[in-house]
Amino acid sequence: MAIERTLSIVKPDAVGKNVIGKIYDRFESAGLKVVAAKMKHLSRAEAEGFYAVHKARPFFNDLVSFMISGPVMIQALEGEGAILKNRKLMGATDPKQADKGTIRADFADSIDANAVHGSDSAENAAIEIAYFFASSEVYGR
Ligand code: IDP
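The shown structure was predicted, so the numbers you read here are calculated from the model rather than taken from an experiment. (Residues numbered from 1 in each chain as written. Predicted model: local features only at pLDDT ≥ 70, side-chain atom pairs only at ≥ 80, totals over all residues. Heavy atoms only, no water.)

1. Things to note about the sheet that holds strand 2 (residues 33–40)
Here's step 1: On the basis of which strands lie adjacent, the open sheet formed by four strands has the order 2-3-1-4 and antiparallel pairing. The open sheet is flanked by strand 2 and strand 4 (116–118), the only strands paired with a single partner. The average undirected angle you get between the axes of adjacent strands in this sheet is 20 degrees.
Here's step 2: In this sheet, strand 3 (residues 72–80) lies alongside strand 1 (residues 3–10) in antiparallel orientation, the contact comprising eight bridges. Each bridged residue has a counterpart across the sheet, and for Glu 4 the counterpart in strand 3 is Gly 79. (Pairing = 2+ DSSP bridges. Helix = DSSP H or I, 4+ residues; strand = E, 2+ residues; numbered from the N terminus. Axes fitted to C-alpha atoms, helices over the stretch in contact; angles between N-to-C directions.)

This is the structure in structure tokens:
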């Protein structure tokens, strides 16, 4: 399988619960390497731009308000099949539907406060990594 990169965000609920390290351990234990990272309190404009694909969805305003409710931890992860691997580690969008042992099953409270974001395709991963990191800030292989 190809070495890929994906964009991951530890959302404000999980940062508030002090579980950044526990979530990073899931990535590292699965063979994903943190190759870029920054903590940031997103502005409304930054969060709206990041979630622009969801602009027409009824939950858009609530999603943006949640994402700017506190700092987030943003990272690029690198490894074999990183995009799908991270999505499997995260679990389903709604933590009630998420498989046992996934990040969302263990750390998320609701469909809106669901602990983590992860890119869903190679195309979006490239766009999302570039949204937050200059290429000089990504320390991959
Ligand atoms: P994903 O994060 O699992 O990829 P998406 O469908 O891309 O899920 O939705 C982006 C984010 O929007 C979700 O993580 C969740 O926080 C929020 N969201 C998605 N669907 C709903 C909903 O029906 N109600 C409230 N928030 C939602």
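2. Remarks on the side chain of Glu 128
Here's step 1: Among the secondary structure elements, Glu 128 is positioned in helix 7 (residues 122–132).
Here's step 2: Excluding residues that lie within four positions of it along the chain, Glu 128 makes contacts with Leu 7, Phe 50, His 117 and Ser 119. (Contact = heavy atoms within 4.5 Å.)

3. Describing the site of the ligand
Here's step 1: Near the ligand you find Lys 11, His 54, Phe 59, Leu 63, Arg 87, Thr 93, Arg 104, Ile 111, Asp 112 and Asn 114, and these make up its full shell.
Here's step 2: In the model, an oxygen atom of the ligand is placed 3.1 Å from a nitrogen or oxygen of the His 54 side chain.
Here's step 3: Between an oxygen atom of the ligand and a side-chain N or O atom of Arg 104, the distance comes to 3.0 Å.
Here's step 4: In the complex, the protein chains occlude 79% of the 530 Å² of accessible area that the ligand would expose alone.
Here's step 5: Residues of the shell around the ligand, tallied by class, amount to three nonpolar, three polar and four charged. (Near = heavy atom within 4 Å. Polar contact = N/O pair within 3.5 Å; in protein donor to acceptor, adjacent residues only side chain to side chain. Areas by Shrake-Rupley, 256 points an atom, 1.4 Å probe, with all protein chains shown as cover. Nonpolar A, V, L, I, M, F, W, Y, C, P; charged D, E, K, R; others polar.)

4. Looking at the packing of aromatic side chains
Here's step 1: Following the criterion strictly, the structure yields five aromatic pairs and no others.
Here's step 2: Aromatic side chains Tyr 24 and Phe 27 sit 6.0 Å apart centroid to centroid with 45 degrees between the ring planes, which places their arrangement in the tilted category. Here the residue Tyr 24 and the residue Phe 27 both occupy positions in helix 2 (residues 20–29), the gap between them amounting to three residues, near one helical turn.
Here's step 3: Under the relative-accessibility criterion, Phe 27 is labelled buried at 0%.
Here's step 4: Arranged with centres 5.9 Å apart and planes meeting at 55 degrees, the rings of Phe 50 and Tyr 131 form a pair that is tilted. Residue Phe 50 is found in helix 3 (residues 44–50), and its partner Tyr 131 is found in helix 7; the two are separated by 81 residues along the sequence.
Here's step 5: Classification of Phe 50 as buried rests on a relative accessible area of 10%.
Here's step 6: An aromatic cluster of at least three residues, connected via ring pairs, comprises Phe 50, Tyr 51, Tyr 131 and Phe 132. (Phe/Tyr/Trp six-rings, centres within 6.5 Å; stacked < 30°, edge-to-face > 60°. Buried < 20%, exposed > 50% of the residue type's maximum accessible area, 1.4 Å probe, protein only.)

5. With respect to the UniProt feature "binding site: ATP" (unreviewed entry) in the chain
Here's step 1: On the UniProt side, "binding site: ATP" (unreviewed entry) is annotated at positions that read Lys 11, Phe 59, Arg 87, Thr 93, Arg 104 and Asn 114 here.
Here's step 2: Inspection of the secondary structure puts Phe 59 in the loop between helix 3 and helix 4 (60–67).
Here's step 3: The class of Phe 59 is partly exposed, set by a relative accessible area of 33%.
Here's step 4: For Thr 93, the location among the structural elements is in the loop between helix 5 (82–90) and helix 6 (103–107).
Here's step 5: If we skip the residues at most four places from it in the chain, Thr 93 touches Arg 104, Ile 111 and Asn 114. (UniProt positions renumbered as here; feature names shortened; annotations may be inferred.)

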